[in-house]
Amino acid sequence: MASMTASETEDTGLTSLLYDPKARGLLFQILLLTAVVAFFAWILDNTITNLASQGKKSGFGFLGETSGFAILTTLGTFVMEARAGVATYFDVFWIGVINTLVISFFGIIAATLLGFLMGIFRLSNNVILRGFATFYVEILRNIPLLLQIFFWYFVVLRALPDKRASGISLGIFGEFPMNVTGLYIPYPLFLEGFSSVVWTFIAACVLAWTISWLAKKRQEATGRQFPSFWVGLLIITAIPLFAFYQMGGPLELEAAKFLNVGDPILDANGEPTGRTASKIKAGYIAGEGGVIKPEFIALWLALALYTAAFIAEIVRAGILAVPGGQTEAAKALGISPSITLRKVIIPQAMRVIIPPLTSQFLNLTKNSSLAIAIAYPDLVSIFAGTALNQVGQEIEMIFMMMMVYLIISLGTAAFMNWFNARMMLVER
Amino acid sequence: MTFKYALGALSAIGLALGAGTASADTLADVKAKGSVQCGVSQGLPGFSNQDDSGNWTGIDVDVCKAVAAAVFGDANAVKFTPLSAKERFTALSSGEVDILSRNTTWTMTRDTQLGLNFAGVNYYDGQGMMVPAGLGVTSALELDGASICTNTGTTTELNITDFFRANKMGFELVAFEKADEVVAAYDAGRCDVYTTDRSGLAAQRLKLADPAAHIVLPEVISKEPLGPVVRQGDDVWFNIVRWTLNAMINAEELGVTSGNAAAMASSDNPGIKRLLGTEGNFGEALGLSNDWAMQVISQVGNYGESYEAHVGANTPLKLNRSGSVNALWTNGGLIYAAPIR
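Residues numbered from 1 in each chain as written. Chains lettered and ligands numbered in written order. Predicted model: local features only at pLDDT ≥ 70, side-chain atom pairs only at ≥ 80, totals over all residues. Heavy atoms only, no water.

## Side note on the state of the cysteines
All names here are of chain B.
Logical step 1: If you walk through the whole model with that rule in mind, you get two disulfides over all chains.
Logical step 2: Across the disulfide from Cys38 sits Cys64; the S-S distance is 1.9 Å. Between Cys38 and Cys64 the disulfide shows an S-S torsion of about 65°. By sign, it is right-handed. A residue pair is termed long-range when its members are at least 10 positions apart, and Cys38 in strand β1 (residues 36-40) and Cys64 in helix α3 (residues 59-72) qualify at 26 residues. Assigned by exposure class, Cys38 and Cys64 land together as buried.
Logical step 3: Here Cys149 engages in a disulfide with Cys191; their sulfurs sit 2.0 Å apart. (Disulfide = S-S within 2.5 Å. Helix = DSSP H or I, 4+ residues; strand = E, 2+ residues; numbered from the N terminus. Buried < 20%, exposed > 50% of the residue type's maximum accessible area, 1.4 Å probe, protein only.)

## Some thoughts on the pattern of salt bridges
Residue and element names in this part refer to chain B.
Logical step 1: Tallied over the full model, the rule gives ten salt bridges over all chains.
Logical step 2: Linking Asp98 and Lys33 is a salt bridge whose minimum nitrogen-to-oxygen distance equals 2.7 Å. Within this pair, whereas Asp98 is found in the loop between α4 (88-93) and β5 (99-100), its partner Lys33 is found in helix α2 (residues 26-33), the two being separated by 65 residues in sequence.
Logical step 3: We classify Asp98 as buried; its relative accessible area is 4%. (Salt bridge = Lys/Arg side-chain N within 4 Å of Asp/Glu carboxyl O.)

## Some details on the interface of chain B and chain A
Logical step 1: Contact with chain B, which involves 56 residues of that partner, is made by 55 residues of chain A.
Logical step 2: Interface of chain B and chain A: buried area, both sides summed, is about 4,600 Å²; carbon and sulfur atoms make up 56% of it.
Logical step 3: If you look at where chain B meets chain A, you find two salt bridges.
Logical step 4: Two residues, Glu172(B) and Lys293(A), come together in a salt bridge whose shortest N-O distance is 2.1 Å.
Logical step 5: The tally of links from chain B across to chain A stands at nine residue pairs in polar contact (both at pLDDT 80 or more). (Contact = heavy atoms within 4.5 Å. Buried area = accessible area lost by both parts, 1.4 Å probe. Polar contact = N/O pair within 3.5 Å; in protein donor to acceptor, adjacent residues only side chain to side chain.)

## A few points about the packing of aromatic side chains
Logical step 1: For the structure shown, the criterion picks out 29 aromatic pairs over all chains.
Logical step 2: With a centroid separation of 5.1 Å and an interplanar angle of 80°, the aromatic rings of Phe229(A) and Trp230(A) are classed as edge-to-face.
Logical step 3: What links up through ring pairs into an aromatic cluster is the set Phe90(A), Phe93(A), Trp94(A) and Phe383(A).
Logical step 4: The ring of Tyr307(B) carries the charged tip of Arg321(B) above its face, separated from the ring centre by 5.2 Å. (Phe/Tyr/Trp six-rings, centres within 6.5 Å; stacked < 30°, edge-to-face > 60°. Lys NZ or Arg CZ within 6 Å of the ring centre and 35° of its normal.)

## Remarks on the packing of helix α9 (residues 235-254) of chain B against helix α13 (residues 292-299) of chain B
All names here are of chain B.
Logical step 1: Contact geometry of α9 with α13 gives a least axis separation of 10 Å together with a crossing angle of 60°. Handedness of the crossing formed by α9 with α13: right-handed. Residues Trp243, Thr244, Ala247, Met248 and Ala251 of α9 form the contact with α13, whose participating residues are Trp292, Ala293, Val296 and Ile297.
Logical step 2: Residue classes in the contact of α9 with α13 are distributed as eight nonpolar, one polar and no charged. (Axes fitted to C-alpha atoms, helices over the stretch in contact; angles between N-to-C directions. Left-handed = near helix turned anticlockwise from the far one by under 90°. Nonpolar A, V, L, I, M, F, W, Y, C, P; charged D, E, K, R; others polar.)

## Let's talk about the layout of surface pockets
Residues and elements named next belong to chain A.
Logical step 1: What the second largest pocket holds in volume is close to 820 Å³.
Logical step 2: Lining the second largest pocket are 18 residues, with Gln219, Phe226, Ser228, Arg342 and Lys343 positioned closest to its centre.
Logical step 3: When contributions to the lining of the second largest pocket are tallied by element, the ones reaching two or more residues are α8 (194-222), α9 (228-246) and α12 (337-367).
Logical step 4: A total of seven residues in the lining of the second largest pocket trace back to one element, the largest contributor, which is α8.
Logical step 5: Here the lining of the second largest pocket is built from residues that sort into nine nonpolar, four polar and five charged.
Logical step 6: Taken together, domain 1 (75-144 + 293-423) and domain 2 (194-251) each give at least three residues to the lining of the second largest pocket, which thus spans both. (1 Å grid on protein atoms, 1.4 Å probe; cavity = no way out; pocket = protein on both sides within 12 Å on 5 of 7 lines; lining within 4 Å. Points joined across faces, edges and corners; volume = space filled by probe spheres on them. Domains from an automatic or database assignment.)

## Side note on the side chain of Ser306(B)
Residue and element names in this part refer to chain B.
Logical step 1: Position of Ser306 relative to the elements: it lies in helix α14 (residues 303-310).
Logical step 2: Residue Ser306 is classed as buried on the basis of its relative accessible area of 4%.
Logical step 3: With residues up to four places along the chain from it excluded, the contact list for Ser306 reads Ile59, Asp62 and Met248.

## Structural notes on the packing of helix α5 (residues 89-122) of chain A against α12(A)
All names here are of chain A.
Logical step 1: Here α5 crosses α12 at 140°, and the two axes come no closer than 10 Å. Judged on the interaxial angle alone, α12 and α5 are oblique. The hand of the α5/α12 crossing is right-handed. Every residue of α12 that contacts α5 at Ile103, Ser104, Gly107, Ile108, Ala111, Thr112 and Phe116 is listed here: Met350, Ile353, Leu357, Phe361, Leu364 and Thr365.
Logical step 2: Here the contact of α5 with α12 is built from residues that sort into nine nonpolar, four polar and no charged. (Parallel < 35°, antiparallel > 145°, perpendicular 65-115°, else oblique.)

## Some points on empty space enclosed by the protein
Logical step 1: The final tally for this structure, using the stated rule, is six cavities of 30 Å³ or more.
Logical step 2: Estimated volume of the second largest cavity: approximately 80 Å³.
Logical step 3: Along the walls of the second largest cavity sit 14 residues, with Leu72(A), Pro377(A), Ile382(A), Glu157(B) and Ala175(B) positioned nearest its centre.
Logical step 4: Those elements that provide at least two residues to the lining of the second largest cavity are α13 (379-391) of chain A together with β10 (171-176) of chain B.

## Side note on a nonpolar patch on the surface
Logical step 1: A surface patch of nonpolar side chains, about 660 Å² in accessible area, is lined by Phe60(A), Phe399(A), Met402(A), Met403(A), Leu406(A), Ile407(A) and Leu410(A).
Logical step 2: Tracing the backbone shows Leu406(A) in helix α14 (residues 394-423). (Patch = residues over 30% accessible without salt bridge, like charges linked within 9 Å, V, L, I, M, F, W, Y side chains within 5 Å. Areas by Shrake-Rupley, 256 points an atom, 1.4 Å probe, with all protein chains shown as cover.)

## Focus on the domain arrangement of chain A
Logical step 1: Per the domain assignment, the segments making up chain A are domain 1 (75-144 + 293-423) and domain 2 (194-251).
Logical step 2: Summarising the inter-unit geometry, the C-alpha centres of domain 1 of chain A and domain 2 of chain A are found 30 Å apart.

## Focus: the sheet that holds strand β12 (residues 214-216) of chain B
Residue and element names in this part refer to chain B.
Logical step 1: Taking strand neighbours across the sheet as the criterion, the five strands line up as β10-β9-β11-β8-β12 in an open arrangement whose pairing is mixed. Of all strands in the sheet, those with a lone pairing partner are β10 and β12, marking the two edges. Adjacent strand axes in the sheet meet at a mean angle of 25°, parallel and antiparallel pairs treated alike.
Logical step 2: Summarising the sheet, strand β9 (residues 146-151) and strand β11 (residues 193-197) pair through two bridges and their orientation is parallel. The partner of Cys149 across the bridge, within β11, is Tyr194. (Pairing = 2+ DSSP bridges.)

Put into structure tokens, the structure is as follows:
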């Protein structure tokens, strides 16, 4: 040691700078940064040169041009009011973004609910529940997602009746007819006075929240409990229903209508046109009611069922990660099993569950790009598929798409990080 | 498909890194590799399809084999890359394939904006519609409100949209990535109509549960000249592909077949002598050997032989050639090649 110190003191300033860990670190950082920047500059320059030499267009001017193709009716086309031959490529882009967000949103909700249920079942003392959950998890997570998507799509198609009939009717009053072209739902028409019902609902929510907050305060101060959940539920349902009744029911449901072969065809005013429906005319009458397409249903089923299998394992791991002493301690304090689960086990398990759960949400979002296989018009299908083939500007369009997935994923991750921070144990 | 989107990104990078070398001198690259990389479909009987033993066959495959025969004197010096409709142009412009011979329609947009060149037409097609016979429809004009299944990333989506808009009819378009799913969904009753090129309808109906229960409507709603495609900006390679196709067509016109090509080389007809390389230096002008067309015809055959072997009346596709637009121009069709002189 002594000799080393001696040799260091003899060195010039430059050598000692090289031995200084801070300076050395900085040097390598700068070298790396230069290399990375140079690499990307080289790629960019190469790309521009090659594109120019191939005579390809570049830039984002294509977004304003009219796209000439029709897109399957989905929430995206509904929101963007897209019509074939009028919609621009930018509209197509937004339709894709909306459809991707919609499938991800509903997929995440269903996968989370089912995943938590299956995860808890896997730890159940009931052999049948436990066995079923184990079977579910082992089957679904071990089959490739694309195959599952095809399976559900063709199961949905083959199981449903022909489009010439209103088909099977779901719902208590048969208000959800379903055939091979989709699940038909009544379209709500909001009449005058409906906004006051909405405001009443918001007020009821605030009231319920206030009661639960006061009840919590009181419990902390005096230890007396109050059934705030049930009271809140009553307030949130009863008060808006009363308002709805008072306003004279300001909501009409426009049901989807169907023609059978031989039914008279009506014109726009509901007058008979004197013609009867031939086989091609039979089926759903466009423009009335709403429809959920089988492509959406199949993709949603496949994504939710597949991801739920992974979430179930995460939930199981999370619950098992809570030491058994916690349950025993709660029991010793005379706390009931359901409150032990809600107030002792789950809050601690959530710390373990949330980070991997976030990855599953991100996976589901990215997996939704498999939609193209079964004709659901998500971003990859219509923008990177159809639109890219018409426009041919891979770099710009793939870049836009990558940005969308990046923003969706970062947004989900940011939300989950916030949620995670809230769920962390408060250490005192 | 997640990996498709990764593939797209990779191709974009590939375009950045590789295209500079790939597009400049394709012939030299091909010679260095020892084989022609040919982009084909993922399975369209008659055009490009794998048989039971895994060999690619079809009239589009024959174009690639002919180019390999012209360049190397060996029709088997070809490697095939199956491409979906939406991958094909990216694969070509990134240099992943040297020729795209995948029932691709020649349109102005593709020719002028995608950085591609169409080297000719090897099949004149048109878009048609197939419906179940039980639907009771005899004309496409009765299809108001129909659900239509098709492939994504093709001109068929545009044509069908144009047709229904022009006739003020409503419709629903269900666009799948791969033809197999289109057929399966149509067979399952998801759609009333299956639309694609008429040659494609003839090929894909063989995959239906009951091919006889479906009819092709009489309307042809588009012009679909199909042909091989190369990258723009490499005229040497473009000329090789164009003149290989022309040689096959000229051979048919001159009566040269794979069977008699060797004997015809000593023919007195100067046209045949120029084609087969016993007169003039046409092969060298292309950067090839003078017997280039001889190799093409003796190993792959002339255009008519290729047609009859893969899509003609005696194949499952039963696309009768006589009287159709795909007959030789001397028989009233559109198949015509510039002369070799």
